[in-house]
Amino acid sequence: MPESPNIIEVRDLRKIYRVGEVDVHALRGVNLDVPRGEFLAVVGPSGSGKSTLFHILGGLAAPTSGTVSMDGQDVRALTDAGRTELRKRCVGFVFQKYNLLPTLSARDNIEIARSIAHRTGPQEEWFKDALKLLDLEKRLDHKPRALSGGEQQRVAIARAIVNHPAILLADEPTGNLDTKNSEAVLNLLRQLNKKIGQTILMITHNPEAAEFADRTVHMRDGEIVEAPAAGH
Amino acid sequence: MINKLVIENLKHRPVRTFLSMLAISIEVTMVLTLVGLSYGMLEESVRRTRGVGADVIVRPPGSSALTLSNAPMPEKLQNYFAGLPHVTRVTGTVVHPLVFPESVTGIDLAAFGEMSGGFKYLEGGPFQSPEDLIIDEHYARQQKLKVGQKVNLINRTWRVCGIVESGKLARLFVQLPVLQDLEGNQGKLSQIYLQADDDANIQTIIKGLKDTPALKEYGVYSTEELVSLISVSNLPGLKAFIAVIIGLGIVIGFLVVFLSMYTAVLERTREIGVLKAIGASPGYVLNILLRETAVLAFFGSILGVGLSFVSRWLITTLVPASLQQKIMPEWWLICMAISLVGALLGTLYPAWKAAKQDAIEALAYD
Ligand SMILES: Nc1ncnc2c1ncn2[C@@H]1O[C@H](COP(=O)(O)OP(=O)(O)OP(=O)(O)O)[C@@H](O)[C@H]1O
Ligand SMILES: [Mg+2]
């Protein structure tokens, strides 16, 4: 595959869920290009297909038709094992619910992601810098229930990037946070984007949150309806 | 790291973990106790048979090695046997069965003592009167009997005259003629024991007896032959019994672990989704649950081995005369394997369910 400046290329992507006798068209021909190193916000009403798009990009669900290229990989051609591999190496997920493993400490939540990707040994320097940005050093030995929502979300971000994924997918990362914590998390995402060049896609309902991104795209009824060239 | 997750998961639900281990340990204890009882009681029976000191045993027509016919033999046979070459001593007994496994044995104390080396009295002494009863230490302990106390057996009141060291034929002894009278079998015996002048002549004696036409229907055995027949492999019922216990053990382990892991998987739906979202393969999820089960089975088995000592202590304290449990280290590994097999079978379905669980649905799950 020729080297493309776009780390994500989506063409006429469709996803149909079959619920009993009814077909639900969650995505109706999405086209999207994301250049490497971009921080992109995805906004749109509830049910417009934002999460579905992320699940396909991240290999959690298979597309019905269309083409999706993630960091040069044709996602549509992937088997189950191939999608597992994609999640392991190419993408990192952050969710609205922090989704930390409750029985493990913050440190071990991060370590288990490394061990699943068969990465052992000490953490890399860039990641230690990222941890400083996240301001988590003092909280690493606590279990999730002893952490605030903002802290849990920062641990989840650390876990999502520890394997140095090409793309970070964040589905409403500030949806459960108050203004102050939201701002901290958003600042952090922007710094990760600027300092280590992390490509980030973020779903949000909040226009102020979208302000932190380089660019915003809008979704409606399973399509991207407008994509302003630049958000800044 | 995977081991840490396994341990933390087990620690997260200590009651579930402890109860699962306890249930597995009870399964193991059950197998060890029942198998230990099977072997222990057979060995006790061998020990007491040897304790008579006889080399050859003659049983009435219709008996087999393991069952005693109650067709009695005439007492006069003893005189005939005593006159045979190489036979040094002869003594006969009558056995009156009580509630299984107990029985009362009528003996000629002098002749029996000569052959067996004599009773060792821990308390009291030999028979004084017809209603006297000699019991062994285990029976005395189990029934809390002392010398001089009265006991009702076979519709009669007896007086304990002596308590003897266990290991000689039976646990309860009365005088032979008294028991013969009670049974209305005067002059009849249910077993006759012979002692040879030399071990080398035992087979000669047996051959002589078997070649005697008048004894054709009688059972003639060397003690060693009889003892070798008292073994698990010679008792088809016992073999089947042990197989059933093992089967039950596996089923119990299966059920316990199935329930435990099934609820664990339901409870962790979300966590399993998270693991998948960060790149865990179905095999990885399976691996976590199998390891968790293996830990439960391993520690449950160790606890079960420990509990089998407790069950033996209870048995020897409460019912030493009726039951003997043998501690069998060679069965410890077998039991561990049994509990592991049951546990792994029990995890298969929950683990398969977890492994194929859809990550998106799991993450949407509350
Ligand atoms: N697993 C599924 N099975 C059936 N229908 C689904 C499934 N997942 C999503 N849908 C449907 O697809 C459509 C798009 O859902 P999606 O979750 O992508 O929306 P969204 O934009 O993320 O909404 P929200 O802002 O509420 O999170 C909806 O109509 C939803 O009901
Ligand atoms: Mg959504």
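Visitor: What exactly am I supposed to notice about the site of ligand 1 here?
Guide: Residue and element names in this part refer to chain A. The local shell around ligand 1 holds 14 residues, among which Ser46, Gly47, Lys50, Ser51 and Thr52 are the closest. Take Gly47: an N or O atom from its main chain is 2.8 Å from an oxygen atom of ligand 1. Contact between ligand 1 and Ser48: an oxygen atom at 3.2 Å from a main-chain N or O atom of the residue. Isolated, ligand 1 exposes 630 Å² of accessible area, and the fraction of that covered by the protein chains is 65%. For the shell around ligand 1, the elements supplying multiple residues, two or more each, are strand 1 (6-19), strand 2 (22-35) and helix 1 (50-57). With 3 residues, the top contributor of residues to the shell around ligand 1 is helix 1. Among the residues making up the shell around ligand 1, the classes are represented as 5 nonpolar, 7 polar and 2 charged.

Visitor: How do you make sense of the pattern of salt bridges when you look at a structure like this?
Guide: Opposite charge on two side chains makes pairing possible when the charged atoms of those side chains draw close. Residues and elements named next belong to chain B. Across all of its chains, the model carries 32 salt bridges over all chains by this definition. Between Lys120 and Glu165 there is a salt bridge, and its shortest N-O distance comes to 3.4 Å. Linking Lys120 in the loop between helix 4 (109-116) and strand 5 (121-124) with Glu165 in the loop between strand 8 (156-164) and strand 9 (172-175), this pair joins segments that are 45 residues apart in sequence. With a relative accessible area of 35%, Glu165 lands in the partly exposed category. One salt-bridge network, in which partners are shared between bridges, spans Glu44, Arg47, Arg48, Asp136 and Arg171.

What counts and how
- Residues numbered from 1 in each chain as written.
- Chains lettered and ligands numbered in written order.
- Predicted model: local features only at pLDDT ≥ 70, side-chain atom pairs only at ≥ 80, totals over all residues.
- Heavy atoms only, no water.
- Near = heavy atom within 4 Å.
- Polar contact = N/O pair within 3.5 Å; in protein donor to acceptor, adjacent residues only side chain to side chain.
- Areas by Shrake-Rupley, 256 points an atom, 1.4 Å probe, with all protein chains shown as cover.
- Helix = DSSP H or I, 4+ residues; strand = E, 2+ residues; numbered from the N terminus.
- Nonpolar A, V, L, I, M, F, W, Y, C, P; charged D, E, K, R; others polar.
- Salt bridge = Lys/Arg side-chain N within 4 Å of Asp/Glu carboxyl O.
- Buried < 20%, exposed > 50% of the residue type's maximum accessible area, 1.4 Å probe, protein only.

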